[in-house]
Amino acid sequence: MKMIKKLLAAAVLTGLSSLSSATELEVSHWWTSGGEAAAVTELAKAFDASGDKWKDSAIAAGGGGAAAIIISRILGGDPMGATQLNHGRDAEELIKAGLLQDLTDVAEKENWREIIRPSSLLDSCTFEGRIYCAPVNIHSPQWLWLSHKAFKDAGIPVPKNWSEFIAAAPALDKAGKLPLAVGQQAWQSNLTFNAITIAISGLEPWKKVYVDKNAEVAGGEEFKKVFEAADQARKISAKGKMQDWNAATAMVIKGDAGGQIMGDWAQGEFQLAGQVAGEDYTCLPGLGVTEMISTGGDAFYFPVLKDAEQTAAQKRLAALIIQKDTQVAFNLKKGSLPIRGDVDLETANDCMKKGIKILAGNNVLPDLSQVISADTMSDLEDLMVEFWNDPSMTTEEAQERFVKVIARAD
Amino acid sequence: MKNLNAKIASIPMIFTALVIFVGCTAWTIYHSFTNSRLLPNNNWVGFDQYERLWDTKRWIVSVGNLAIYGVCSLVISVIIGFVLAALLDRKIRFEGVFRSIFLFPFALSFIVTGLVWQWILNPEFGVQKVLQSLGWENVTFDPLYNPDLVIYGILIAGIWQGSGLIMCVMLAGLRGIDGDIWKATRVDGIKTWKTYIFVIIPMMKPVFVTALVLIASGIIKVYDLVLAQTSGGPGIASEVPAKYVYDKMFNAQNLGQGFAASTMMLVSVAIVLIPWAYLQFGGKKND
């Protein structure tokens, strides 16, 4: 008994002493797949090395579900030290309610305005002239990932763009491969549709519909073609029965599926499986047609905390995230692009280099979550997941309902 | 002032009932007429949220699913529950063992039930796979991947989980029947099944009402089962109202729309509760 008491006392003391020397911050995020977890460990290592303590709080619920948990924790008065949230309009109301930490002083001291590229990233962190988040990477969802093995097995060359891919689908099907792997979750249907939109319609109609919310264009000829292309894609993906995006990516990695339309975060999975870009798999930004990528991405927000020590630690973490070394270590593992143009990414692979080139040429689009509200996004997701999984829904019906959503969009 | 102590003692309960149940419900209904997004506000928009709600295909599908799930699970749970209870009541051997087995699924949460049945109904390694490996190679049994059948796949899991409890309620009712009644019917030479249908069941009316209310409340809040089994898929084929409310409130950050949907759910609960209250409290006066 005495022994136990002593042990307990010792445990408490060590606990206390570690508290006094380092400030622990709970960091929540939804990076749970293999490649993502490897990347977040890099951040944790860097933060621990700087003398503070990273308390990892991963939420295994995918972007949508996790954001819901995070927001309700902040609203409910149980904030974490720092949290991932897509920058975009998610956080706008939290800022208005004064629940998120103002980082403007850190940003000024570290000169974020100068170093963060493209500047739209910082703009979406800015609300009424103040900065509220630290962008950590750039993610773009408009990529087509192709498995070299699948095409080799089917005896055809690896396609170079979307129309070649569609033409190759029958051969893949014949070889017993699933031509296009699409996870059945709503956000994936929506992502796939959106990538096809940019490839088929090009930039102008896309902007008119999603940025200006022009219902006429949404009901017009260009989008008719988009819906027809999506219909083709839905037909060649109909046999797939997976839910999670990484399950679909795994099929591409194994060569059981020809390709997948997914964001560049899929790259982390390829890397983790030991595959080499250009040799084992090919990536086509903008589906090989419209070489443009959007510049959404992840950002860390810092809820307002009462404790002054923790608030200081929050600011240290914010500064750390932007630093060169952290950016390189994190993004190489994650497969995403760094948020500053001045870092050295010699070790970057083929796909990342393609992405960097597009960024350097400034061929960028705004991210969907930056131009439409969560409400509209959820309407679009409902429509797309239904379209994708219900073969009896015609393209005309889908387009008609799409027009309705755009007409109501904000 | 009679029973002052009792009245003081019940103040916390009255307070809870008024503030939490009545107050919060009124608050929710009020805000369903506003355009609240992530945070509640007071911008009155009339019936806009309701118009949008009933114009949304996902909500219509949800309501339809709930109706199918509700009617089927009500009927089937009561029948299975009663038959199991009647069989156990025949003074069989190992009654306790069987009772525990039948009640066991009720000890599992809906999430666990949903996951278990997701695996059982998965064509890659569930029932279909077993049947195919036994020689029936053309058998397809994948309700969870068929938009027309998916709600029945969920129904199977719901009934598996819930009928044990109904069995226990029914068994308690059967045990409450006076043994003399059985003796009397035997003397009159009435067959056992006829006794059950024409004598025992009418005597068990209060037990049936309790069972119905238990099942009905489970039906309206069905959410976690769907989430674990299909998360609403394929497409939107297995969506239910409670999931719509959650998704609109927290994912779409549209509180007004979520409140409108939950108010509609409240209306449906009222439709269930009012006849029950009538049967339970109004019926007595007529006896």
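Residues numbered from 1 in each chain as written. Chains lettered and ligands numbered in written order. Predicted model: local features only at pLDDT ≥ 70, side-chain atom pairs only at ≥ 80, totals over all residues. Heavy atoms only, no water.

## Some details on the overall build of chain A
The number of helices and strands found in chain A is 21 helices and 13 strands. On C-alpha atoms alone, chain A measures out to a radius of gyration of 22 Å, which is about the 22 Å that the 2.2 N^0.38 rule sets for 410 residues. Oriented by its inertia axes, the alpha-carbon framework of chain A measures out at about 70 × 45 × 45 Å. Here chain A holds 410 residues, and the buried ones make up 55% of them. Sequence-distant contacts, at least 24 apart, represent 76% of the contacts inside chain A between residues at least 6 apart. Taken as a whole, chain A presents about 16800 Å² of accessible surface, with 53% of it coming from carbon and sulfur. The averaged location of the 54 negative side-chain charges in chain A is 4 Å from the averaged location of its 41 positive side-chain charges. (Helix = DSSP H or I, 4+ residues; strand = E, 2+ residues; numbered from the N terminus. Rg over C-alpha atoms; globule rule 2.2 N^0.38 Å. Buried < 20%, exposed > 50% of the residue type's maximum accessible area, 1.4 Å probe, protein only. Contact = heavy atoms within 4.5 Å. Areas by Shrake-Rupley, 256 points an atom, 1.4 Å probe, with all protein chains shown as cover. Lys, Arg positive; Asp, Glu negative; His and termini not counted. Charge placed at Lys NZ, Arg CZ, Asp CG, Glu CD.)

## Here's the deal with the pairing of strand 12 (residues 298–301) of chain A
All names here are of chain A. The side-chain alternation of strand 12 yields two buried faces, one formed by Asp298 and Phe300 and the other by Ala299 and Tyr301. Where strand 6 (residues 133–135) lies against strand 12, three bridges are found, and the strand directions are antiparallel. By the bridge assignment, Cys133 is partnered in strand 12 with Tyr301. (Pairing = 2+ DSSP bridges.)

## With respect to the sheet that holds strand 9 (residues 257–262) of chain A
Residue and element names in this part refer to chain A. Spatially, the four strands line up as an open sheet ordered 8-9-7-10, and their pairing is mixed. The two strands at the open ends of the sheet, each matched to only one other strand, are strand 8 (178–180) and strand 10 (281–285). Strand-to-strand, the axes of this sheet are offset by a mean angle of 20 degrees, without reference to chain direction. Pairing geometry for strand 7 (residues 143–147) and strand 9, over four bridges, is antiparallel. In the sheet register, Leu146 faces strand 9, and the bridge partner there is Gly259. (Axes fitted to C-alpha atoms, helices over the stretch in contact; angles between N-to-C directions.)

## Some words on the environment of Thr113(B)
Residue and element names in this part refer to chain B. Following the sequence through the fold, Thr113 ends up in helix 6 (residues 110–120). Each C-alpha atom of the pair Thr113 and Ser36 lies 35 Å from the other, and the pair is 77 residues apart in sequence. Excluding residues that lie within four positions of it along the chain, Thr113 makes contacts with Leu108, Ala157, Trp160, Gln161 and Leu225.

## Structural notes on the UniProt feature "transmembrane region" (unreviewed entry) in chain B
All names here are of chain B. Within this numbering scheme, the UniProt entry marks residues 12–30, 66–88, 100–120, 149–174, 195–220 and 259–279 as carrying the feature "transmembrane region" (unreviewed entry). Annotated as 71% helix and 0% strand, the span residues 100–120 places its first and last C-alpha atoms 22 Å apart. For residues 195–220, helix accounts for 96% and strand for 0%, while the C-alpha atoms at its two ends are 34 Å apart. (UniProt positions renumbered as here; feature names shortened; annotations may be inferred.)

## Regarding the confidence of the model for chain A
The predicted model of chain A averages 86 in pLDDT, with 93% of residues at 70 or higher. Here residues 11–20 of chain A is a poorly scored stretch, pLDDT under 50, and it has zero contacts once near neighbours within four places are set aside; other chains count. (pLDDT = per-residue confidence, 0-100.)

## Quick word on the packing of aromatic side chains
For the coordinates displayed, the defined rule picks out 33 aromatic pairs over all chains. On the numbers, 6.3 Å between centres and 75 degrees between planes, the contact of Phe47(A) with Trp54(A) is edge-to-face. For the pair Phe47(A) and Trp54(A), one class covers both residues: buried. When the centroid spacing of 6.0 Å and the interplanar angle of 85 degrees are considered together, the rings of Phe227(A) and Phe387(A) count as edge-to-face. One end of the pair, Phe227(A), is in helix 13 (residues 221–236); the other, Phe387(A), is in helix 20 (residues 374–389), and 160 residues separate them in sequence. Grouped by ring-pair contacts, the aromatic residues Phe193(A), Trp206(A), Tyr210(A), Phe223(A), Phe227(A), Phe387(A), Trp388(A) and Phe402(A) constitute a single cluster. Over the aromatic face of Phe387(A) sits the side chain of Arg234(A), whose NZ or CZ is 4.1 Å from the ring centroid. Positioned above the aromatic ring of Trp182(B), the side-chain terminus of Arg90(B) is 5.3 Å from the ring centre. (Phe/Tyr/Trp six-rings, centres within 6.5 Å; stacked < 30°, edge-to-face > 60°. Lys NZ or Arg CZ within 6 Å of the ring centre and 35° of its normal.)

## A few points about the interface of chain A and chain B
Reports often express the size of an interface as the amount of accessible area lost when the parts come together. Taken together, the 26 residues of chain A in the interface contact 22 residues of chain B. Across the interface of chain A and chain B, roughly 2100 Å² is buried in total on both sides, 48% from carbon and sulfur atoms. Connecting chain A to chain B are nine salt bridges. The partner of Lys241(A) in a salt bridge is Asp142(B), and the shortest N-O contact between them spans 3.9 Å. Viewed at the interface, chain B and chain A are joined by 12 residue pairs in polar contact (both at pLDDT 80 or more). The set of elements that each furnish at least two residues to the side of chain A that touches chain B consists of helix 3 (62–75), helix 4 (92–96), helix 20 and helix 21 (395–408) of chain A. Top contributing element to the side of chain A that touches chain B by residue count: helix 20 of chain A, with eight residues. A class-by-class count of the residues in the side of chain A that touches chain B yields seven nonpolar, seven polar and 12 charged. (Buried area = accessible area lost by both parts, 1.4 Å probe. Salt bridge = Lys/Arg side-chain N within 4 Å of Asp/Glu carboxyl O. Polar contact = N/O pair within 3.5 Å; in protein donor to acceptor, adjacent residues only side chain to side chain. Nonpolar A, V, L, I, M, F, W, Y, C, P; charged D, E, K, R; others polar.)

## A few points about the UniProt feature "domain: ABC transmembrane type-1" (unreviewed entry) in chain B
The sites that UniProt annotates as "domain: ABC transmembrane type-1" (unreviewed entry) are residues 63–276 of chain B. Helix makes up 73% of residues 63–276 of chain B and strand makes up 0%, while its end C-alpha atoms are separated by 22 Å.

## Quick word on the nonpolar core
The biggest cluster of nonpolar side chains holds 131 residues, and the ones touching the most others in it are Trp112(A), Trp162(A), Tyr210(A), Leu317(A) and Phe402(A). Split by domain, this core shows at least three residues from each of two domains, domain 1 (25–139 + 296–359) and domain 2 (143–294 + 372–408) of chain A. Here Trp112(A) is in contact with Leu103(A), Val106(A), Ala107(A), Leu122(A), Ile131(A), Cys133(A), Ala134(A), Ala318(A), Ala319(A) and Ile322(A), once residues within four sequence places are set aside. Core analysis: the next-biggest nonpolar cluster, separate from the first, contains 39 residues, Leu88(B), Met170(B), Tyr196(B) and Val222(B) among them. (Core = buried A, V, L, I, M, F, W, Y, C linked by side-chain atoms within 4.5 Å. Domains from an automatic or database assignment.)

## A look at the packing of helix 9 (residues 179–188) of chain B against helix 10 (residues 192–203) of chain B
Residue and element names in this part refer to chain B. One way to put it is that helix 9 packs onto helix 10 with a least axis distance of 11 Å and a crossing angle of 140 degrees. It follows that helix 9 is oblique to helix 10 by the angle criterion. Every pair of crossing elements has a handedness; the one defined by helix 9 and helix 10 is right-handed. Residues Ile181, Trp182 and Thr185 of helix 9 touch helix 10, and the partners they reach there are Thr192, Thr195, Tyr196, Val199, Ile200 and Met203. Residue composition of the contact of helix 9 with helix 10, by class: six nonpolar, three polar and no charged. (Parallel < 35°, antiparallel > 145°, perpendicular 65-115°, else oblique. Left-handed = near helix turned anticlockwise from the far one by under 90°.)

## Points about unusual backbone geometry
Residues and elements named next belong to chain A. Even without a glycine there, the phi angle at Asn111 is positive, about 65 degrees. Among the structural elements, Asn111 can be located in the loop between helix 5 (104–109) and helix 6 (112–115). Taking relative accessible area as the criterion, Asn111 reaches 39% and is therefore assigned partly exposed. Positive phi is not limited to glycine here, since Asn362 has a value of about 60 degrees. Looking at the element boundaries, Asn362 is found in the loop between helix 18 (350–360) and strand 13 (364–365).

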